[in-house]
Amino acid sequence: DGVFRWQRKREAIRQEEGLDGIDGIRTSEPKSRLTADDAVRGYKKLCQVEQAFRVCKGLDLMIRPIHHRVPPRVRAA
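All values reported here derive from a predicted model rather than from experimental measurement.

Trainee: What is the right way to look at the overall build of the protein chain in this model?
Mentor: The helix and strand inventory of the protein chain stands at 2 helices and 0 strands. Here the protein chain, with 77 residues, has 1% of them falling under the buried criterion. Of the roughly 8700 Å² of accessible surface on the protein chain, a fraction of 53% belongs to carbon and sulfur atoms.

Trainee: Whenever I open this one, a nonpolar patch on the surface confuses me. Can you help?
Mentor: Together, I25, V40, Y43 and L46 line one region of the surface with nonpolar side chains, adding up to about 350 Å² of accessible area. Its place among the elements puts Y43 in helix α2 (residues 36–57).

Trainee: What is the right way to read the environment of T35 from this model?
Mentor: Locating T35 in the fold gives a position in the loop between α1 (10–17) and α2. At 3.1 Å, the side chain of T35 and the backbone nitrogen of D38 are in polar contact.

Trainee: Explain the pattern of salt bridges to me, please; I cannot follow it from the model alone.
Mentor: For the structure on display, the rule yields 3 salt bridges. Across the pair R14 and E11 runs a salt bridge, and its minimum N-O distance is 2.9 Å. Here R14 pairs with E11, and both are found in helix α1, just 3 residues apart, close to one helical turn. Residue R33 is joined to E29 by a salt bridge in which the shortest nitrogen-to-oxygen separation is 3.3 Å. Exposure remark for E29: the relative accessible area of 31% places this residue in the partly exposed category.

Trainee: Which parts of the structure should I look at to understand the environment of T27?
Mentor: Mapped onto the elements, T27 comes out in the loop between α1 and α2. Classification of T27 as partly exposed rests on a relative accessible area of 41%. As a C-alpha pair, T27 and A39 span 12 residues in sequence and 7.6 Å in three-dimensional space. Polar side-chain contacts of T27 include one of 3.2 Å to the backbone nitrogen of E29.

Cut-off values and rules
- Residues numbered from 1 in each chain as written.
- Predicted model: local features only at pLDDT ≥ 70, side-chain atom pairs only at ≥ 80, totals over all residues.
- Heavy atoms only, no water.
- Helix = DSSP H or I, 4+ residues; strand = E, 2+ residues; numbered from the N terminus.
- Buried < 20%, exposed > 50% of the residue type's maximum accessible area, 1.4 Å probe, protein only.
- Areas by Shrake-Rupley, 256 points an atom, 1.4 Å probe, with all protein chains shown as cover.
- Patch = residues over 30% accessible without salt bridge, like charges linked within 9 Å, V, L, I, M, F, W, Y side chains within 5 Å.
- Salt bridge = Lys/Arg side-chain N within 4 Å of Asp/Glu carboxyl O.
- Polar contact = N/O pair within 3.5 Å; in protein donor to acceptor, adjacent residues only side chain to side chain.

Okay, here's the thing in structure tokens:
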């Protein structure tokens, strides 16, 4: 027909609004080994681990590779 029509699914939008701002954390550990609070704490500590990797990879650490050569391993032509 050459006509495009659309409409919003208002009920679905209302249901999704109830979940705005909520994060879910899922783990394979049983509740007897890892409580919900411990899972959340562990998840939040991940940002510290990621920051540490960024420091190691970035300019913050200021290290260079060390090329270690000993006479028996180095052959000159």
